[in-house]
Amino acid sequence: MTIKVGDRLPATNLVKVTPEGPEQVSTTEYFAGRRVALFAVPGAFTPTCSAQHLPGFIAQAGAIKAKGVDEIACTSVNDVFVMKAWGQTSNAGDITMLADGNADFAGAVGLTMDGSKFGMGTRSQRYTMLVNDGVVEQLFVEAPGEFKVSSAEHLLSVL
């Protein structure tokens, strides 16, 4: 079942990129007591993700935070080392990179896709979710092959 507005995020784990190395974080603790803009991409270093999705959130980070968002995070079904490298090469300093290497989070929120025909296996769908104290406040899931409603600009327009 796909998560929807008003639902509490399921309890699962992600791996956060930190200067000290990988850090396991529980979704229950990570999203507690604050408002987080979470965007998900099918894969780090993939064309739309690298050319539009992540750069949009990097460029709009200040404006998004000025609208009452405490943190902006990106998740992908990649390992923490790939997420770290992608964040570094993209100069994503204002974005928290969260690895979902086994697609546990993507599966728990019901937002996986099958990328097998591209050799990618199970991946996350492309979406943006505004989470307030662990509860989904807004959710924008892209149609396959599109990039519109999950963009930083769209999120800004509804904040």
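Residues numbered from 1 in each chain as written. Predicted model: local features only at pLDDT ≥ 70, side-chain atom pairs only at ≥ 80, totals over all residues. Heavy atoms only, no water.

## What about the packing of aromatic side chains?
How two aromatic rings sit relative to each other is set out by the distance from centre to centre and by the angle between their planes. Our working definition: Whether two aromatic rings pair depends on their centres lying within 6.5 Å, for rings of Phe, Tyr and Trp, where Trp uses its six-membered ring; planes under 30 degrees apart make the pair stacked, over 60 edge-to-face, and the rest tilted. Segments assigned H or I by DSSP are reported as helices when at least four residues long, segments assigned E as strands when at least two residues long, and all are numbered from the N terminus. Charges are assigned to positions over rings by a cutoff of 6 Å between ring centre and Lys NZ or Arg CZ, combined with an angular limit of 35 degrees from the ring normal.
With the rule as written, the count across this model stands at three aromatic pairs. For the pair Phe 39 and Phe 57, a centre-to-centre distance of 4.0 Å together with 5 degrees between the ring planes defines the contact as stacked. Taken as a pair, Phe 39 in strand S3 (residues 35–41) and Phe 57 in helix H2 (residues 47–66) lie far apart in primary sequence, 18 residues in all. The ring of Tyr 30 is capped by Arg 34, whose NZ or CZ atom sits 4.5 Å from the centre of that ring.

## Points about the sheet that holds strand S9 (residues 135–141)
Here is the rule we go by: At least two bridges found by DSSP between two strands are what make those strands a pair. Every axis corresponds to a line fitted to the C-alpha atoms, with the helix fit spanning only the stretch in contact, and the corresponding angles, defined between N-to-C directions, vary from 0 to 180 degrees. Pairs of residues are marked as contacts when any of their non-hydrogen atoms sit within 4.5 Å.
Across the sheet, seven strands lie side by side as S2-S1-S5-S4-S3-S8-S9; this open sheet has mixed pairing. A single partner strand is all that each edge strand has here, and the edge strands are strand S2 (23–26) and S9. Taken over all neighbouring pairs, the strand axes of this sheet differ in orientation by 30 degrees on average, direction set aside. Relative to strand S5 (residues 95–99), strand S4 (residues 71–76) runs parallel, the two being bridged by five bridges. Within S5, the position partnered with Thr 75 by the bridge is Leu 98. Along the sheet face, helix H3 (residues 80–89) touches strand S1 (13–16), S3, S4 and S5 and points at about 155 degrees away from the line of S5.

## Digging into the environment of Val 5
Within the secondary structure, Val 5 is located in the segment before S1. For Val 5 and Gln 138, which are 133 residues apart along the polypeptide, the C-alpha to C-alpha distance reads 5.7 Å. Not counting the four nearest positions on each side in its chain, Val 5 is found in contact with Val 136, Glu 137, Gln 138 and Leu 139.

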